[in-house]
Amino acid sequence: MSKLAQKSGLVWLWLSLLLLVVDFATKTLVVNTMNLRDSIDILPFFNLTYVHNYGAAFSFLSEAGGWQRWFLSIIAVSISVLLIWWLKRLPATNKVLCGAYSLVLAGAIGNLYDRISYGYVIDFLHVHYNNWHFPAFNIADSAICIGAALLLFDAFTGESPKEQKV
């Protein structure tokens with residue numbers, strides 16, 4: 001049995017840490033170099049647009065009055081604990097699931113940090129076409145979406161997860 005097969009999925013936390021660093025660095029760069037609502041054209045369909053998101057995905061609950069900050073924070077902490085527990089139970093060789101959990105974990109913690117520190121999430125990646133605008137997002141949101149896509153991919157193509165012997 002290889003050494004990787006003997007390890008739990010917790011060895012994949014390096015990916016979460018890497019994405020957390022990238023997420024924090026990009027948000028810090030935007031905050032330090034742009035004013036709120038400033039927009040920089042990068043491509044005909046892509047801008048860097050600095051905004052604050054007080055809600056969840058697509059600004060859902062953004063006008064809820066403040067309680068959503070703590071509600072969404074509790075959800076993020078709960079999901080993070082669950083993902084770490086699942087990673088511990090998976091063998092490190094289950095690359096798709098371990099990668100997916102690590103990506104979602106990074107995104108959850110990245111946005112949790114913003115929500116607790118500032119009361120909102122810093123978003124700045126803005127995709128648009130003509131008059132159609134996708135809500136601004138960030139690296140943490142991207143990690144969550146890619147992780148969710150990997151979970152769907154695994155659900156349709158992967159083998160059933162095998163738990164580590166505890």
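Residues numbered from 1 in each chain as written. Predicted model: local features only at pLDDT ≥ 70, side-chain atom pairs only at ≥ 80, totals over all residues. Heavy atoms only, no water.

Asks: Teacher, can you tell me more about the UniProt feature "transmembrane region" (unreviewed entry) in the chain here?
Replies: The UniProt feature table records "transmembrane region" (unreviewed entry) at residues 70–87, 96–113 and 133–156. Within the segment residues 96–113, helix and strand shares are 100% and 0% respectively, and the terminal C-alpha atoms sit 26 Å apart. (UniProt positions renumbered as here; feature names shortened; annotations may be inferred. Helix = DSSP H or I, 4+ residues; strand = E, 2+ residues; numbered from the N terminus.)

Asks: I would appreciate a short explanation of unusual backbone geometry in the present structure.
Replies: Leave glycine aside and you will find that most residues have negative phi; peptide bonds, for their part, are mostly trans. In this structure, Arg37 is a non-glycine residue whose phi angle is positive, near 75°. With respect to the helices and strands, Arg37 occurs in the loop between α2 (13–33) and β1 (39–43). The class of Arg37 is exposed, set by a relative accessible area of 65%. Even without being glycine, Asn130 reaches a positive phi, approximately 50°. Along the chain, the position of Asn130 falls in the loop between β3 (121–129) and β4 (132–133). Since its relative accessible area comes to 59%, Asn130 is described here as exposed. (Buried < 20%, exposed > 50% of the residue type's maximum accessible area, 1.4 Å probe, protein only.)

Asks: What's the story with the packing of aromatic side chains in this structure? I'm lost.
Replies: Given two aromatic rings, their pairing is described by the distance between the two centres and the angle made by the two planes. Under the defined criterion, the tally for this structure stands at 8 aromatic pairs. With centroids separated by 6.3 Å and ring planes inclined at 90°, the aromatic side chains of Tyr113 and Tyr118 adopt a geometry described as edge-to-face. (Phe/Tyr/Trp six-rings, centres within 6.5 Å; stacked < 30°, edge-to-face > 60°.)

Asks: Looking at this structure, I do not really get the pairing of β3. What am I missing?
Replies: The side chains of a regular strand alternate, residue by residue, between the two faces of the sheet. The buried fraction of β3 amounts to 7 of the 9 residues, a majority that puts the element mostly inside the structure. The pairing of strand β2 (residues 46–53) with β3 spans 6 bridges and is antiparallel. What sits directly across from Val51, in β3, is Asp123. Across 2 bridges, the pairing between β3 and β4 is antiparallel. Each residue of the ladder has a partner; that of Tyr129, found in β4, is Trp132. Counting the residues in the hairpin turn of β3 and β4 gives 2 residues, including Asn130, whose phi is positive at 50°. (Pairing = 2+ DSSP bridges.)

Asks: How do you make sense of the nonpolar core when you look at a structure like this?
Replies: Soluble globular proteins tend to pack their nonpolar side chains together in the buried interior. Grouped together as the largest cluster of nonpolar side chains are 15 residues, with contacts concentrated most on Leu19 and Tyr101. Sorting the residues of this core by element identifies α2, α3 (67–89) and α4 (95–118) as the ones contributing at least two each. Broken down by element, the residue count for this core peaks at 7 residues, all from α4. Setting aside chain neighbours within four positions, we find Tyr101 in contact with Leu83, Trp86, Leu87, Leu90 and Leu151. Ranked by size, the runner-up nonpolar core spans 9 residues in total, among them Val30, Tyr120, Phe124 and Leu125. (Core = buried A, V, L, I, M, F, W, Y, C linked by side-chain atoms within 4.5 Å. Contact = heavy atoms within 4.5 Å.)

Asks: What is the right way to look at the packing of α2 against α4 in this model?
Replies: Between α2 and α4, whose axes approach to 8 Å, the crossing angle comes to 35°. α2 and α4 meet at a crossing whose hand is right-handed. Contacts between α2 and α4 involve Leu13, Leu15, Ser16, Leu19, Leu20, Asp23, Phe24 and Lys27 from the former and Gly99, Ser102, Leu103, Leu105, Ala106, Ile109, Gly110, Asn111, Tyr113 and Asp114 from the latter. Looking at side-chain class alone, the contact of α2 with α4 contains 10 nonpolar, 5 polar and 3 charged residues. (Axes fitted to C-alpha atoms, helices over the stretch in contact; angles between N-to-C directions. Left-handed = near helix turned anticlockwise from the far one by under 90°. Nonpolar A, V, L, I, M, F, W, Y, C, P; charged D, E, K, R; others polar.)

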